[in-house]
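Each chain is listed here by its residues.
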Amino acid sequence: MKAVILAGGLGSRMGKLCESIPKALVKICDKPIILHQIEILKREGIKEFILVTGHLSEKIEEFLGDGKDFGVNISYYCEDKPLGTGGALFRIDLKEDFLFCNGDLVFDVDLSSMIEFHKKNKALITLFVHPNNHPQDSTSFEIDQKGKVIGFYKKNEKPTYYPNLCNAGIQIVSHTLFNKKVVGEKIDFDTEVLTEAIMTEKVYAYKSPEYVRDAGTPERVSEIEKDLFSGVVSRKNIRQLQKAIFLDRDGTINVHKGYICTPEQIELIDGVAEAIVDFHRLGYLVIIITNQPVISRGICTYKQLKNVHSYLESLLSKKGAYVDSIYFCPHHPDSGFEGEIESLKIACNCRKPKPGLIFEAQKDFNIDLSKSFMVGDSAVDVEAAKAAGCTPVLLSQSEDNSDVMCCKNLFDFSQGLKDKFN
């Protein structure tokens, strides 16, 4: 597989860092951004690169040459005029599916898993997506249970409720999308390629918590350097065992208000967003594990529950927080309720205190359960944690449970965890 990298950015937000060099050559930890990318992709098996250049292209070519000094082969497509984020792809001779990414990203990912996902779904485009702490400024996607993209929202065209699932700037693309005549000079990849491809129902989202971040401003360059020095970047590669904080929802993240069926019923508990930010800083994934019998009882639809969770994610994002994933059980074993859905009235392995959802997350994210916590406000959360082999944390005002770690609330637990690490 080849990699096509957009390396022609002006770096207008970089200020003095880009006064005399293109953005791709801005150094992070004494190494140009483009070299960070090439080294990671080479490790992942990519040896052929096409760099789309423009502004100060000669400096990139002077630094990288044909790539032989770095153990790869590099060719260039220099735009005489800016062709947008997709125009060059119609002018390059592409004969196989290829990796396509922005030239200002720093990342460390298990590319083989993404390629496998792409091939399994016979996708035209596979997007690398993840939640972030600023979804309002990012392109967001809505996906079905198999990862197929069914909704696409630009940052200025968001509906009232939208999921925190953002485009990271890395994608695997079928070369067949570009076997047609170009109309016009500039082509926007998202508007004119991605949008059309989504209509074929062959665009998929590969969801991963791995480190992908754009170095578009001096502030972000500084933050990425800290992450590289601390080892955060490499530790988030999904090949490495991850650790997680599993969270119950009602009574742990949001105020318990009985059966919640509408977004307006969601009210964050004080300190929750700050706690989740701290968990991520400490290197934990944050994953919600929740029983939602409102579905089986017929008082809430899947779409309504999705809106509830989208609203929850938006409330968190306004405070700079996000969760890596949400797992829910729609079942309930007891029957006899008016309007219930009989097919969901079963004794399942995913309803807490059974640990099924925790095991599902473990598989999806390569989690070391022995180094993870399950935090909740009831005995079923404690039992689920013990059954899964992770440490239970009970949110309670009393400390009568001598065999279980007790904290007043999620913020209280996060402070204790920070103290442990410090």
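Sequence order sets the numbering: in each chain, residues are counted from 1 along the sequence as written. Note on the predicted model: pLDDT of at least 70 is required for a residue's local features to be given, and 80 or more for side-chain atom pairs to be given and counted; whole-chain, interface and lining totals, by contrast, use all residues. In computing side-chain values, all of the structure's heavy atoms are included and hydrogens and water are not.

(A) Quick peek at the overall build of the protein. Secondary structure elements are defined from DSSP: runs of H or I of at least 4 residues count as helices, runs of E of at least 2 residues count as strands, and each element is numbered from the N terminus. Counting secondary structure elements, the protein contains 11 helices and 19 strands. Two things to know: the radius of gyration comes from C-alpha atoms, and the globule rule equals 2.2 Å times the number of residues to the power 0.38. Taken over C-alpha atoms, the radius of gyration comes to 23 Å for the protein, in line with the 22 Å a tight globule of 422 residues would show. Working rule for contacts: check all heavy atoms of both residues, and any pair within 4.5 Å makes them a contact. Residue pairs at least 24 apart in sequence account for 71% of intrachain contacts in the protein once pairs closer than 6 positions are excluded. Of the roughly 19,600 Å² of accessible surface on the protein, a fraction of 49% belongs to carbon and sulfur atoms. Lys and Arg are tallied as positive, Asp and Glu as negative. Neither His nor the chain termini are counted. Each charge is placed at NZ for Lys, CZ for Arg, CG for Asp and CD for Glu. Side-chain charges in the protein split into 52 positive and 59 negative, and the spacing between the mean points of these groups amounts to 2 Å. The protein chains shown are the only cover counted for residues, whose accessible areas, like all others here, come from Shrake-Rupley with a 1.4 Å probe.

(B) Representation of the side chain of Glu44. Relative to the assigned elements, Glu44 resides in the loop between α1 (33–43) and β4 (48–53). Side-chain polar atoms of Glu44 contact the side chain of Arg239, separated by 2.8 Å. The residues contacting Glu44, other than those within four sequence positions of it, are Val109, Asp110, Leu111, Ser112 and Arg239. Polar contact is defined as a pair of N or O atoms within 3.5 Å, subject to the rule that within protein one atom must be able to donate a hydrogen and the other to accept it, and that residues adjacent in sequence are counted only when both atoms are side-chain atoms.

(C) Just the environment of Asp227, in detail. Tracing the sequence through the fold places Asp227 in helix α5 (residues 218–230). Between the alpha carbons of Asp227 and Tyr211 there is a distance of 9.6 Å; along the sequence they are 16 residues apart. Leaving out residues up to four positions away in the same chain, Asp227 has contacts with Tyr211, Arg213, Val232 and Val233.

(D) How the structure looks around the pattern of salt bridges. The salt bridge criterion pairs a side-chain nitrogen of Lys or Arg with a carboxyl oxygen of Asp or Glu, the two atoms within 4 Å. Counting across every chain of the model gives 20 salt bridges. Between Asp108 and Arg43 there is a salt bridge, with the nearest N and O atoms lying 2.8 Å from each other. Taken together, the positions of Asp108 in strand β7 (residues 105–108) and Arg43 in helix α1 put the pair 65 residues apart, joining distant regions of the chain. Note on exposure labels: buried denotes an accessible area under 20% of the residue type's maximum, exposed denotes more than 50%, and partly exposed covers the range between, all computed with a 1.4 Å probe on protein chains only. Residue classification places Arg43 among the partly exposed residues on the basis of a relative accessible area of 43%. A salt bridge links Asp278 to Arg281; the shortest N-O distance between them is 3.8 Å. Remark: Arg281 and Asp278 occur in helix α7 (residues 272–281); sequence separation between them is three residues, near one turn of the helix. Taking relative accessible area as the criterion, Asp278 reaches 8% and is therefore assigned buried.

(E) Up close: the packing of aromatic side chains. Only Phe, Tyr and Trp rings take part, Trp by its six-membered ring, and two of them pair if their centres are within 6.5 Å. Stacked means planes under 30 degrees apart, edge-to-face means over 60, and tilted covers everything else. Tallying each qualifying case throughout the model produces 13 aromatic pairs. On the numbers, 5.0 Å between centres and 80° between planes, the contact of Phe90 with Phe178 is edge-to-face. Here Phe90 is found in the loop between β5 (73–78) and β6 (98–102), whereas its partner Phe178 is found in the loop between β11 (166–173) and α4 (189–198), with 88 residues between them in sequence. According to the relative accessible area criterion, Phe90 is buried, its value standing at 15%. We classify Phe178 as buried; its relative accessible area is 7%. Judged by centre distance (5.7 Å) and plane angle (55°), the ring pair of Phe117 and Tyr206 falls under tilted. Of this pair, Phe117 sits in helix α3 (residues 111–120) while Tyr206 sits in strand β12 (residues 203–207), and the two are 89 residues apart along the sequence. Put simply, the rings of Phe90, Phe98, Phe100, Phe178 and Phe189 pair up and form one aromatic cluster. Should the NZ of a Lys or the CZ of an Arg lie within 6 Å of a ring centre and within 35 degrees of the ring normal, that charge is described as sitting over the ring. Positioned over the ring face of Tyr284 is Lys243, at 4.3 Å from the centre of the ring.

(F) Quick peek at helix α11 (residues 410–421). Expected span of a helix, by definition, is 1.5 Å for each gap between consecutive residues, and there is one gap fewer than residues. Counted at 1.5 Å a residue, the expected span for α11 with its 12 residues is 16 Å, and the 17 Å between its end C-alpha atoms agrees. Here α11 has its buried residues at Leu410, Phe413, Ser414 and Leu417. The arc that holds every buried residue of α11, seen down its axis, measures 100°, which confines them to one face. On its buried face, α11 sits against β14 (243–247), α7, β15 (284–291), β17 (373–376), β18 (391–395) and β19 (405–407). Two or three places before Phe411, at the opening of α11, Asn409 has a side-chain oxygen 3.2 Å from that residue's backbone nitrogen. Arc definition: directions from the helix axis to the C-beta atoms.

(G) Representation of the nonpolar core within the structure. By size, the foremost hydrophobic cluster in this structure holds 33 residues, and its most contacted members are Leu41, Phe49, Leu99 and Ile170. Sequence-distant contacts of Leu41, that is, excluding residues within four places in its chain, are made with Ala3, Ile5, Ile46, Phe49, Leu99, Phe107 and Leu111. By convention a nonpolar core is built from buried Ala, Val, Leu, Ile, Met, Phe, Trp, Tyr and Cys residues, the set being connected through side-chain atoms within 4.5 Å.

(H) A look at the sheet that holds β18. Two strands form a pair only when DSSP identifies at least two bridges running between them. Strand order in this open sheet of six strands is β16-β15-β14-β17-β18-β19, and the pairing throughout is parallel. Each end of this open sheet is capped by a strand with a single partner; those strands are β16 (325–329) and β19. On average, adjacent strands in this sheet sit at an angle of 25° to one another, irrespective of strand direction. By the bridge criterion, five bridges tie β15 to β16 in an arrangement that is parallel. Following the sheet pairing, Thr290 is matched in β16 by Phe328. Between the N-to-C directions of two axes lies an angle of 0 to 180 degrees, each axis being a line fitted to C-alpha atoms and, for a helix, fitted only over the stretch in contact. On top of the sheet, α7 reaches β14 and β15; it is set at about 130° to β15, its chief contact.

(I) Highlighting the state of the cysteines. Cysteine sulfur atoms that come within 2.5 Å of each other are treated as a disulfide pair. In this structure the tally under the stated criterion is zero disulfides. Between Cys166, a cysteine without a disulfide, and Cys101, which holds the nearest cysteine sulfur, the sulfur-to-sulfur distance is 18 Å. With no disulfide of its own, Cys300 lies closest to Cys261 among cysteine sulfurs, the gap being 4.4 Å. Here Cys300 falls in the buried class, since its relative accessible area comes to 4%.

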